[in-house]
Amino acid sequence: MPLKVNFFCDIKDSFMHLYLPEYISKINKKYKTKYFKTTNNIPRGEIAFYISCSKILNEKDLQKHDFNIVVHPGKLPNERGSGVIAWKIINGSKDLTITLFEPNEKIDAGNIILQKSIRLTGLELNNEIRLKQSKLTFKLIDKFLKQYPNIKRKKNNKFGSYFKKRTKNDSELDINKTIHDQFNLLRVCD
């Protein structure tokens, strides 16, 4: 009997909605998959992946699956919070890291399952960054599914930095600065 694997993405305008359906249809040959655009009324299943979700899951939600995994765009334990990749690029970083971890009652503090980084050239624009982010996410999910149920966990007990959620105001350009000075900001705007 194939594993029941559910995918949740509850942020309506998340770019992951562009990539998830194709990925899910690809792995649907091997797993029994479902895709949910809400985290309300979570059904039962064996594995749940939470990608681009805003809801903090409670214990009742977490008990509905044998294994819960949050896909976090950042290197835990140091890079917690929202908008990590955009903030890092704005500040000149060329590293893009995705972490799979088990959710718990604290934000971005559960046990780390898998983590992988890639290096950006520093010239990618928003759509290219998001494509690379989605490909790295799906590679990690594939790796997890191949290893399941023999999953190793690493404690995530070190305190890290929290990145604040980006707003429209965070994307405003400064007319007194050059395009060159604001290039990284332009790269992460859509």
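As shown above, the structure is provided for reference.
Rules used in this analysis
- Residues numbered from 1 in each chain as written.
- Predicted model: local features only at pLDDT ≥ 70, side-chain atom pairs only at ≥ 80, totals over all residues.
- Heavy atoms only, no water.
- Buried < 20%, exposed > 50% of the residue type's maximum accessible area, 1.4 Å probe, protein only.
- Helix = DSSP H or I, 4+ residues; strand = E, 2+ residues; numbered from the N terminus.
- Pairing = 2+ DSSP bridges.
- Phe/Tyr/Trp six-rings, centres within 6.5 Å; stacked < 30°, edge-to-face > 60°.
- Lys NZ or Arg CZ within 6 Å of the ring centre and 35° of its normal.
- Axes fitted to C-alpha atoms, helices over the stretch in contact; angles between N-to-C directions.
- Contact = heavy atoms within 4.5 Å.

1. Things to note about the pairing of strand S6 (residues 95-101)
And step 1. Among the seven residues in S6, six count as buried, and that is most of the element.
And step 2. The pairing of strand S4 (residues 65-72) with S6 spans three bridges and is classified as antiparallel. The residue bridging Val71 from the neighbouring strand is Leu100, located in S6.
And step 3. As paired elements, S6 and strand S7 (residues 112-119) share seven bridges and run antiparallel to each other. Note that in S7 the partner of Thr99 across the bridge is Gln115.

2. Structural notes on the packing of aromatic side chains
And step 1. Here the structure, examined in full by the defined rule, presents ten aromatic pairs.
And step 2. Arranged with centres 5.0 Å apart and planes meeting at 15°, the rings of Phe8 and Phe36 form a pair that is stacked. Residue Phe8 is found in strand S1 (residues 4-8), and its partner Phe36 is found in strand S2 (residues 32-36); the two are separated by 28 residues along the sequence.
And step 3. Relative to Tyr50, the ring of Phe8 lies with its centre 4.9 Å away and its plane at 15°, an arrangement referred to as stacked. In this pair, Phe8 is assigned in strand S1 and Tyr50 in strand S3 (residues 45-51), connecting sequence segments 42 residues apart.
And step 4. Through a chain of ring-to-ring contacts, three or more aromatic side chains come together here, namely Phe7, Tyr23, Phe49, Phe67, Phe138, Phe144 and Tyr148.
And step 5. Above the plane of the ring of Trp87 lies Arg166, whose end atom (NZ or CZ) is 5.0 Å from the centre.

3. Concerning the pairing of S4
Both faces of the sheet carry side chains from a regular strand, because those side chains alternate between them.
And step 1. Extensive coverage of S4 is indicated by the burial of seven of its eight residues.
And step 2. Pairing analysis gives six bridges linking S3 to S4, with the strands arranged parallel. Note on S4: the bridge partner recorded for Ile47 is Phe67.

4. Quick notes on the sheet that holds S3
And step 1. The six strands are arranged S2-S1-S3-S4-S6-S7 in an open sheet whose pairing can be described as mixed. For this open sheet the edge positions go to S2 and S7, each flanked by a neighbour on one side alone. Pairwise comparison of adjacent strand axes, ignoring direction, gives a mean angle of 15° for this sheet.
And step 2. Sheet topology places S1 next to S3; four bridges connect them, and they run parallel. Bridge pairing in S3 links Val5 to Ile47.
And step 3. Packed onto the sheet, helix H1 (residues 16-27) meets S1, S2 and S3 and runs at close to 165° relative to S2.

5. What to know about unusual backbone geometry
And step 1. Going from Leu76 to Pro77, the amide bond is cis rather than trans, its omega being 10°.
And step 2. Topologically, Pro77 is positioned in the loop between S4 and strand S5 (79-81).
And step 3. Not every positive phi belongs to a glycine, and Asn41 is a case in point at roughly 55°.

These results come straight from atomic positions and should not be treated as a statement about function.
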